Amino acid sequence: MTPSKTLLERLDKLPNSSQEAESIIQDIIPELYTGDLSVCHVVDALGPSLTHANPSERGAGTRFLADLLHSLPCDKLSSQELLFLTAFFLDRLKDHHSVIPNVIYANIALVKQKHINRKDVTSLVQGLFREVPCQSQIMSDRRNIYTLLKYCLVYKLEDIREMGQDFVLGFVTAMDGEKDPRNLVLLFTLVPIIVKNFPLGPFTEDLFEVVAAYFPIDFVPPADDPYGISSEDLVLGLRGALAATPQFAPYCIPLLQEKLDSDLTSAKLDSLHTMVACCEVYSAEDISPHVLSLWASIRREIVEGASSEMEAAALSTLSAIVMTLQRGILSQAAHDATNTLTKSALMECMGHLTAPEQRLMFPSAHILLALVVAAQVPAQTICETVVPVLTEQFGTRTEAIAKKNTIIILGKFLNSGSKFPDLKTETGSIGKHEAACCGVFSLGLTSDIPSVQEATVLALTAALPAFHSSYLSSVAQSLTKLLLTAKNDSLRDGIIQCFVALGKIQPLAVSDHILPKLLIEMEQGHSVNSGVSNSRILETLAILTAGRLLTSRVLPVVWRRAEDFSSLSSEQCCQHLSCVRKILRNAVTDSECKSYVLEEWSGVMKVVCLSVSTILSPHVTKPVPILQCLSSICRILVANLSEPQPLVQSLLTLVTVDEAERVEGVFGDLVVTLPETRNLISSIADESHPQAPLMSYMIEGVVLGARQLPETDGLQHLLRKLRRLSLCHVDLEIRETSAILHGAIINKIPTGPSLTQALSESREELFKLLNLTNQVEKQKAALLTLTWVCKALVVRGAQDQDVWTTKMQNLLSDSGIGLDAAHSFEVILREHQYALRPETFANIRLLYKQRYFEIMVGPLVDMFHSSEGNTKHNALLALSSLMPSLPHLVLNNHIKKLLPVLLQGITSGESAVTESTVCTLSSLLQHSLTHAAPHTNMLVSTLVPLTVNHPMMVRMKALECLQALTALPTMTILPYREDVIRGLKCVLNDKKRVVRQVATNARCSWILVGAPGSESA
């Protein structure tokens, strides 16, 4: 007997198990591929099941055949086989109702077949509409019907388009009464496809009514909804369906009008948003008959001001209506409707605009502004009426509030009207009143009332696009004068924002009128008559300097001032260098500016040259702050060099070679200009040259700014000299800078022989010093360098980090530097200001903090529990130093072992440790309280005293911890209720209001412990 016959015999009696049926299907499919079996053979073999008197048997046979069809590729069946199967399943649609779901499922597989004929697709859809009452099926079967229709509409549209209005009627019948949210989301997406590709004819209203029955959506998804259908999904789907075609307009607009006049806020909002969507599709002829009734409803919502959301939606709708009326070829009806709406709005709102001290001025202005931004025709009419009224009103009213409101509204009208160029011409409604508007703003800027000045600057910022360049130049001069005499910080901030806006519209006004005065003021210094400090002027210059033109005018002047101050005042020099740094950060984001800074201005050369000059100058008393600023500038410049490698290579050459070696590039030019440079760099770690170690700041700027470092002997020489500096120099800042730079270089060296050599030499030298006894200062210096090497390896996730981290852990037991080693753990995970960060191109492994903590938490906790005295205390400090830098989810995984340690940390006696520990404890208790119950006694007795006579942050976090404990079971915390309530009574009189608020909440929560209806009860 052949295998094919054996398979067919197995189909005589189908198994009850779905797994066995699936096994048979998997055996049949290869036979179908080889041609030993055909689908007709399978249908014949299923004859006993398909023709059985019992409907359940017929259903099982049909389901088996449907599953088989779904298992076949979409191009497997021929057109003849599909013709046969189509006829078969069409006949099966007349079968018992329990068989129908399986037939529907099989039909989905048929329409997905590539070779199915157009007539067969049409027959299947027609048969489905004719024989299957959709709403009589269960939800899953209805979804299958809708899925079949969706597939036909998306992939077989040409096949079913010939059904015409019959398809529309069938779809309406199938959708009518649907309640399942998943099915509705699917159906709403099909409506736009249908209205676009099928003639609706007499069924237009029917289709609209069956869709509109769901408006507005009132759906709250259940908490355990596995499908994630949200109310927004349904709302957006329905909105798209209602706005699918202009044919719905005669029915949709009255519906939206009706819901807009209802008392439900959600219905009103939905109606307004839907109207905006409809306006994008409907024509002016569709909207025109309803303009006045819509205007009345929209005006009511804006004027009443029920909520800002409602007002914004109503204004958007009003603008959308006018845009629709003005879209395309303007008909007489649309023209009349626009004029009527504009006149009605002016009649309604002008009275309120002339009463600027009353509440309705702003809603009325917003109504008119919504019309202005919508189209040029109403903008011309409204601005022609409103602008002269407001300009006159500003001059005649004397009250501050009236002047403020008037000038702000005037600025908004000028801003909105400026979007239409015709309005700014000499005959335009804005252009003809430009002189009057300029006079109003001039009056406002010179007003004696500070609030009016601030409002004028704010309005002017908005109105700038409405004015011509001649007035903008005058504005620039007036604002600059006002900035230099302003006493109010908020006024100065407003002026700076106006300068920024002016620079985008008219850069020449900024470069010709604002910057020269600011630069003169900067060079003269802070004068008695000036209301703005020199630092404020520099900050303003940094904000305004954008684009190549402004950068080329400002940057050289500020840099020259920084050079002048370098030997006079370190503080003034640093202020100017800070301005330079801000300018450069903006400049490198623009290709033209970056090219100017790096090539034409020669930024790197200037920075390096000033660094050397500062070090050599006998007049500079405090060179370190200046060198730190120059280092940060150097990092920015080097990071943006297209090829920084030659620069780094020439620097490393100077570190190692004698005077005979020629150096190219920036450092070569520097050696020619300042020959002392060679000696300074090569003697960086030489004690006989006290100025040379200061070059470490310049080297730091170059090395940290480079993306990659060359693997040369010079790099190893540099590392050795940096280690010597970090271990032996008397100045702590230079030692720390050298240690940081040493760690940053190790972090950047690629894995290989160079890294192995660097680590081997470092380990040998540092471990030797750390193992000394009775030489604490040398040990501390070695510990600093060790910490940064360890951080460099941890950040990059190097395999060699274990040796270094183990050494740091062992140092916790050292009697001399154990406490310093404990605090060093904080350095490893805490983000540094600039070193070992992405912006300085550090080699950073993903989740390195979490990995390091997972390695260290176990040994440190074990050390805490197994040690005594200083070692126990140091282990506690090490853990407390690590935890603030970690996400709460990581800490939650170890809360059981960390809680005892945290409780000890709170009482450590060191304020910094107490603060970080109680902050960590507060976060842990709010996220995971389960393991706190056994420690309730100690928690309460420890936390209550922390709520008084401690820093504010400690008091607040202790109160938050106490409040979190109220979520524990009542039987656990009830014995402590009275003690906590009594202990927190005095905190209610805390000198800080924010602490009093937290204390009130915490004490109330404890008062409710055990009360009927409380959460803990």
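Worth saying up front: this structure is predicted, and the values here are computed from it rather than measured.

## Section: the overall build of the protein chain
When its secondary structure is counted, the protein chain shows 54 helices and 0 strands. At 40 Å, the protein chain has a C-alpha radius of gyration far larger than the 31 Å of a compact globule built from 1017 residues. In terms of overall dimensions, the protein chain has C-alpha extents of about 110 × 95 × 75 Å along its principal axes. Counting across all 1017 residues of the protein chain, residues that qualify as buried make up 54%.

## What about the side chain of Thr317?
As for its position among the elements, Thr317 is in helix α19 (residues 308-325). Among all residues touching Thr317, those that are not within four sequence positions of it are Leu272, Met275, Val276 and Ile298.

## Focus on helix α30 (residues 548-565)
Given 3.6 residues per turn, any residue in an α-helix points the same way as the ones three and four places further on. The end-to-end C-alpha distance of α30 is 26 Å, a good match for the 26 Å that 18 residues give at a rise of 1.5 Å each. Taken residue by residue, α30 has Leu550, Thr551, Val554, Leu555, Val557, Val558, Trp559, Arg561, Ala562 and Phe565 as its buried positions.

## As for the nonpolar core
Core analysis: the biggest nonpolar cluster contains 362 residues, and Leu541 and Leu943 have the highest contact counts within it. Residues within four places of Leu943 in sequence aside, it is in contact with Ile906, Val918, Leu921, Ala958, Cys961, Leu962 and Leu965.

## Observations concerning the layout of surface pockets
Estimates place the volume of the largest pocket at around 640 Å³. Elements with a contribution of two residues or more to the lining of the largest pocket: α31 (570-587), α34 (623-639), α38 (695-705) and α40 (732-748). A per-element tally of the lining of the largest pocket places α34 first, with 6 residues. For the lining of the largest pocket, a count of residues per class yields 7 nonpolar, 9 polar and 7 charged.

## Details of empty space enclosed by the protein
What the rule picks out here adds up to 1 cavity of 30 Å³ or more. If you add up the space inside the largest cavity, you get close to 40 Å³. Lining the largest cavity are Leu256, Leu260, Ser271, Leu272, Met275, Leu294, Ile298 and Thr317. For the lining of the largest cavity, the secondary-structure elements that each account for two or more residues are α15 (249-260), α16 (265-279) and α18 (291-304). At 3 residues, the largest contribution of residues to the lining of the largest cavity is made by α16. Class assignment for the residues of the lining of the largest cavity results in 6 nonpolar, 2 polar and no charged.

## As for the side chain of Ser726
Here Ser726 lies in helix α39 (residues 713-728). Within polar-contact distance, the side chain of Ser726 engages the backbone oxygen of Arg723 at 2.9 Å. With residues near it in sequence (within four places) discarded, Ser726 still touches Arg735, Ser738, Ala739, Ala781 and Thr785.

## A look at α38
Counting buried residues in α38 gives 11 out of 11 residues, a clear majority hidden from the surface. For α38, the set of buried residues is Met695, Ser696, Tyr697, Met698, Ile699, Glu700, Gly701, Val702, Val703, Leu704 and Gly705.

## Structural notes on the packing of aromatic side chains
Scanning the entire structure with this criterion turns up 11 aromatic pairs. When the centroid spacing of 5.9 Å and the interplanar angle of 90° are considered together, the rings of Phe441 and Phe467 count as edge-to-face. Taken together, the residues Phe441 in helix α24 (residues 434-445) and Phe467 in the loop between α25 (450-463) and α26 (469-485) connect sequence positions 26 residues apart. Assigned by exposure class, Phe441 and Phe467 land together as buried. Members of the aromatic cluster, each reached through a chain of ring pairs, are Phe129, Phe167 and Phe198. Just above the ring of Phe394 sits the side chain of Lys403; from NZ or CZ to the centre is 4.3 Å. Above the face of the Phe864 ring, Lys872 is positioned so that its terminal group lies 4.1 Å from the ring centre.

## Concerning the environment of Thr966
Inspection of the secondary structure puts Thr966 in the loop between α51 (952-965) and α52 (970-973). Each C-alpha atom, one on Thr966 and one on Arg1003, is 10.0 Å from the other, the two residues being 37 residues apart in sequence.

## Here's the deal with the environment of Phe499
Structurally, the position occupied by Phe499 is in helix α27 (residues 489-505). Along the primary structure Phe499 and Val510 are separated by 11 residues, whereas in three dimensions their C-alpha atoms are 7.2 Å apart. Residues contacting Phe499, with those up to four places away along its chain left out, are Ala476, Leu479, Thr480, Leu483, Val510, Ile514, Thr540 and Leu544.

## Here's the deal with the state of the cysteines
Under the definition given, this model contains 0 disulfides. Its sulfur unpaired, Cys383 is 9.5 Å from the next cysteine sulfur, which belongs to Cys437. By relative accessible area, which is 0% here, Cys383 ends up buried.

## Brief notes about the environment of Gln716
Along the chain, the position of Gln716 falls in helix α39. Once the C-alpha coordinates of Gln716 and Thr656 are considered, the two residues, 60 residues apart in sequence, prove to be 9.6 Å apart. Setting aside residues up to four positions removed in sequence, Gln716 forms contacts with Ser754, Gln757, Ala758 and Glu761. A distance of 3.1 Å separates a polar atom in the side chain of Gln716 from the backbone oxygen of Ser754.

## Thoughts on the packing of helix α42 (residues 776-796) against helix α44 (residues 818-829)
Contact geometry for α42 and α44: axes closest at 9 Å, N-to-C directions at 30°. Between α42 and α44, the interaxial angle falls into the category roughly parallel. Viewed along their axes, α42 and α44 form a crossing whose handedness is right-handed. For the pair formed by α42 and α44, the contact residues are Lys780, Leu783, Thr787, Trp788, Cys790, Lys791 and Val794 on the first element and Asp820, Ala821, Ser824, Val827, Ile828 and Leu829 on the second. When grouped by side-chain class, the residues that make up the contact of α42 with α44 number 8 nonpolar, 2 polar and 3 charged.

## With respect to the pattern of salt bridges
The final tally for this structure, using the stated rule, is 31 salt bridges. The closest approach of N and O atoms between Arg837 and Glu839, which form a salt bridge, is 2.6 Å. We classify Arg837 as partly exposed; its relative accessible area is 22%. Lys957 serves as the salt-bridge partner of Glu960, at 3.4 Å between the closest nitrogen and oxygen. With Glu960 and Lys957 both in helix α51 and 3 residues apart, this pair spans about one turn of that helix. Several salt bridges converge on common partners, so that one network encompasses Asp261, Lys268, Arg300 and Glu301.

## What about unusual backbone geometry?
That bond from Phe215 to Pro216 is cis: its omega, -5°, falls within 30 degrees of zero. Here Pro216 lies in the loop between α13 (204-212) and α14 (231-242). At Ser602, a residue that is not glycine, the phi angle is positive and equals roughly 55°. Looking at the element boundaries, Ser602 is found in the loop between α32 (591-600) and α33 (603-616). By relative accessible area, which is 30% here, Ser602 ends up partly exposed. Backbone geometry places Leu836, a non-glycine residue, at a positive phi of 55°. Along the chain, the position of Leu836 falls in the loop between α44 and α45 (848-866). In this structure Leu836 comes out as buried when scored by relative accessible area, which is 5%.

Calculation notes
Residues numbered from 1 in each chain as written. Predicted model: local features only at pLDDT ≥ 70, side-chain atom pairs only at ≥ 80, totals over all residues. Heavy atoms only, no water. Helix = DSSP H or I, 4+ residues; strand = E, 2+ residues; numbered from the N terminus. Rg over C-alpha atoms; globule rule 2.2 N^0.38 Å. Buried < 20%, exposed > 50% of the residue type's maximum accessible area, 1.4 Å probe, protein only. Contact = heavy atoms within 4.5 Å. Expected span 1.5 Å × (residues − 1). Core = buried A, V, L, I, M, F, W, Y, C linked by side-chain atoms within 4.5 Å. 1 Å grid on protein atoms, 1.4 Å probe; cavity = no way out; pocket = protein on both sides within 12 Å on 5 of 7 lines; lining within 4 Å. Points joined across faces, edges and corners; volume = space filled by probe spheres on them. Nonpolar A, V, L, I, M, F, W, Y, C, P; charged D, E, K, R; others polar. Polar contact = N/O pair within 3.5 Å; in protein donor to acceptor, adjacent residues only side chain to side chain. Phe/Tyr/Trp six-rings, centres within 6.5 Å; stacked < 30°, edge-to-face > 60°. Lys NZ or Arg CZ within 6 Å of the ring centre and 35° of its normal. Disulfide = S-S within 2.5 Å. Axes fitted to C-alpha atoms, helices over the stretch in contact; angles between N-to-C directions. Parallel < 35°, antiparallel > 145°, perpendicular 65-115°, else oblique. Left-handed = near helix turned anticlockwise from the far one by under 90°. Salt bridge = Lys/Arg side-chain N within 4 Å of Asp/Glu carboxyl O.

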